[in-house]
Amino acid sequence: MSDVVLQSIVKRYDGTTAVDNVSLTIAEGELVALLGPSGCGKTTTLRMIGGFIPVTEGRILVGGRDLTQLPPNKRNMGFGFQNYALFPHMSVGENVAFGLQMRKLPKADIAAKVKIALDRVKLGHLADRLPKQLSGGQQQRVALARALVIEPDVLLLDEPLSNLDAQLRNEMKLEIRNIQQQLGITTIFVTHDQDEALSIADRVVLMRAGRIEQAGAPDDLFERPGSHFVAEFMGVTNLLAGEAAGSGRFRLKSGEVLSVPMEARSGRMALALRPERLVLDGTDEALLANTLTAEVAFVTYRGLVIDYRLVTPSGLTLIARRPSPAVGGPAPLAAGRPVRISWQPDAGVLVPV
Ligand code: ATP
């Protein structure tokens, strides 16, 4: 078993607590994405798991074995970091073989394992090239082969796609997921990109200021954010402050009373509303529960969608998003035009502030 258990791990530097009492269990074969803004403690957490940074407090167990005090080379983990750090003077094959040579495997075994690892990342034909003769995406794949060749119990990846263009990122993301699932390897993947985390992970762990803010399946975090911070990080652009009455009613700071999902909670909250859920000038009865009049203040054409910044007479600003005509959406609305904004009560989620 290669489940990873973090027991109340803490990392303190002089005056800074980089990781503040993080407990997390990553199941065997699971891919967990550590997500969060810059400085929230993702890399420090990953490096403590890898043994590159000693923990200040807490324990790290893999398959029930306490590795907390072991150096990186005794943890049987594969690493892929931002800068792939391939040895420039070694060929692709030699780069991948390096970890096996350090483990003093017989030559024939090394050759066989390197071939399998390179074939897995579709680079078998480039084994004799030097890193500088490869594209960024190919170098990234060599780094992945090098991490996998040692047959690690755990794979640790820190922003492994950050140096690639959008198309390559997508391809590599699918490849990593594919290989990870084929091998059933427990993987921890650090990223600050919510889209990347949602699309690759079994579970997303969103960190904030050294702590876990929310952990759950991708759709959990996306559709059921547990806090204002999570909603904002997951791309909810409309977070309306107000007071929940506890009976499906929500009074905005600006005075309007809205229908929201029935909630036991009451008190100061924010209504999180995705811009895609706002309907402009809709006539459907079901939408009448929540209607505001506003004016289009600003229009942003984004290719597949158009974003509208809308301002109500009470000064409330909302963003609405509609498909653009390029994908069969309605004709764009001009700035300055009055609009009616509506949404169904279940379109929003109340989050604590
Ligand atoms: P990024 O996405 O920018 O890499 P991160 O979430 O990975 O950010 P960390 O690199 O883990 O964040 O850093 C967490 C916090 O710890 C930050 O406030 C950082 O400044 C601090 N920190 C990291 N390393 C050290 C160090 N060696 N000495 C002091 N403080 C540090």
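Above: the structure in question.
Described below are features of the structure shown in this document. Source: prediction; values computed, not measured.

Points about the overall build of the protein
Part 1 of the argument: A count of helices and strands for the protein gives eight helices and 20 strands.
Part 2 of the argument: A principal-axis box enclosing the C-alpha atoms of the protein has dimensions of 75 × 45 × 35 Å.
Part 3 of the argument: Counting every position in the protein, which comprises 353 residues, the buried fraction comes to 49%.
Part 4 of the argument: Pairs at least 24 residues apart make up 64% of the contacts formed inside the protein by residues separated by at least 6 positions.
Part 5 of the argument: Accessible area of the protein: about 16600 Å², with a carbon and sulfur share of 51%.
Part 6 of the argument: When the 39 positive and 37 negative side-chain charges of the protein are each reduced to one mean point, those points stand 4 Å apart.

Quick notes on the nonpolar core
Part 1 of the argument: If you look at the biggest cluster of nonpolar residues, it comprises 43 residues, and the most contacted ones within it are V96, L144 and I176.
Part 2 of the argument: Ranked by residues supplied to this core, first place goes to helix α4 (residues 136-149) with seven residues.
Part 3 of the argument: In this structure, I176 is in contact with L144, L157, P160, L161, F189 and I200, ignoring residues within four places of it in sequence.

What to know about the pattern of salt bridges
Part 1 of the argument: Evaluated as defined, the whole model comprises 19 salt bridges.
Part 2 of the argument: With a closest N to O distance of 3.1 Å, D66 and R59 form a salt bridge.
Part 3 of the argument: Its relative accessible area of 38% is what places R59 among the partly exposed residues.
Part 4 of the argument: Through salt bridges with shared partners, a single ionic network connects D219, D220, E223 and R224.

A few points about the site of the ligand
Part 1 of the argument: The environment of the ligand is formed by Y13, A18, P37, S38, G39, C40, G41, K42, T43 and T44.
Part 2 of the argument: At a separation of 3.0 Å, an oxygen atom of the ligand approaches a polar backbone atom of G41.
Part 3 of the argument: Contacts to the ligand include T44, whose side-chain N or O atom sits 2.5 Å from an oxygen atom.
Part 4 of the argument: When the free accessible area of the ligand is taken as 650 Å², the share hidden by the protein chains comes to 59%.
Part 5 of the argument: In terms of residue count, helix α1 (residues 42-50) provides more of the shell around the ligand than any other element does, three residues in total.
Part 6 of the argument: Class assignment for the residues of the shell around the ligand results in four nonpolar, five polar and one charged.

Details of the sheet that holds strand β17 (residues 305-311)
Part 1 of the argument: The strand order β15-β19-β16-β17-β18 describes an open sheet built from five strands, whose pairing is antiparallel. At either margin of the open sheet sits one strand with a lone partner, and together these are β15 (279-280) and β18 (317-323).
Part 2 of the argument: As paired strands, strand β16 (residues 290-301) and β17 are joined by six bridges and run antiparallel to one another. Each bridged residue has a counterpart across the sheet, and for T300 the counterpart in β17 is D307.

Observations regarding the sheet that holds strand β5 (residues 65-66)
Part 1 of the argument: Read across the sheet, four strands follow the order β2-β1-β4-β5 without closing on themselves; strand pairing throughout is antiparallel. Strand pairing shows two members of the sheet lacking a second neighbour, β2 (16-26) and β5, which therefore form its edges.
Part 2 of the argument: As paired strands, strand β1 (residues 4-13) and strand β4 (residues 57-62) are joined by five bridges and run antiparallel to one another. The residue of β4 that forms the bridge with V4 is V62.
Part 3 of the argument: Helix-sheet contacts for α1 involve β1, β2 and β4, and the interaxial angle to β1 is about 115 degrees.

Calculation criteria
Residues numbered from 1 in each chain as written. Predicted model: local features only at pLDDT ≥ 70, side-chain atom pairs only at ≥ 80, totals over all residues. Heavy atoms only, no water. Helix = DSSP H or I, 4+ residues; strand = E, 2+ residues; numbered from the N terminus. Buried < 20%, exposed > 50% of the residue type's maximum accessible area, 1.4 Å probe, protein only. Contact = heavy atoms within 4.5 Å. Areas by Shrake-Rupley, 256 points an atom, 1.4 Å probe, with all protein chains shown as cover. Lys, Arg positive; Asp, Glu negative; His and termini not counted. Charge placed at Lys NZ, Arg CZ, Asp CG, Glu CD. Core = buried A, V, L, I, M, F, W, Y, C linked by side-chain atoms within 4.5 Å. Salt bridge = Lys/Arg side-chain N within 4 Å of Asp/Glu carboxyl O. Near = heavy atom within 4 Å. Polar contact = N/O pair within 3.5 Å; in protein donor to acceptor, adjacent residues only side chain to side chain. Nonpolar A, V, L, I, M, F, W, Y, C, P; charged D, E, K, R; others polar. Pairing = 2+ DSSP bridges. Axes fitted to C-alpha atoms, helices over the stretch in contact; angles between N-to-C directions.

Read these as layout, nothing more, since geometry by itself doesn't imply function.
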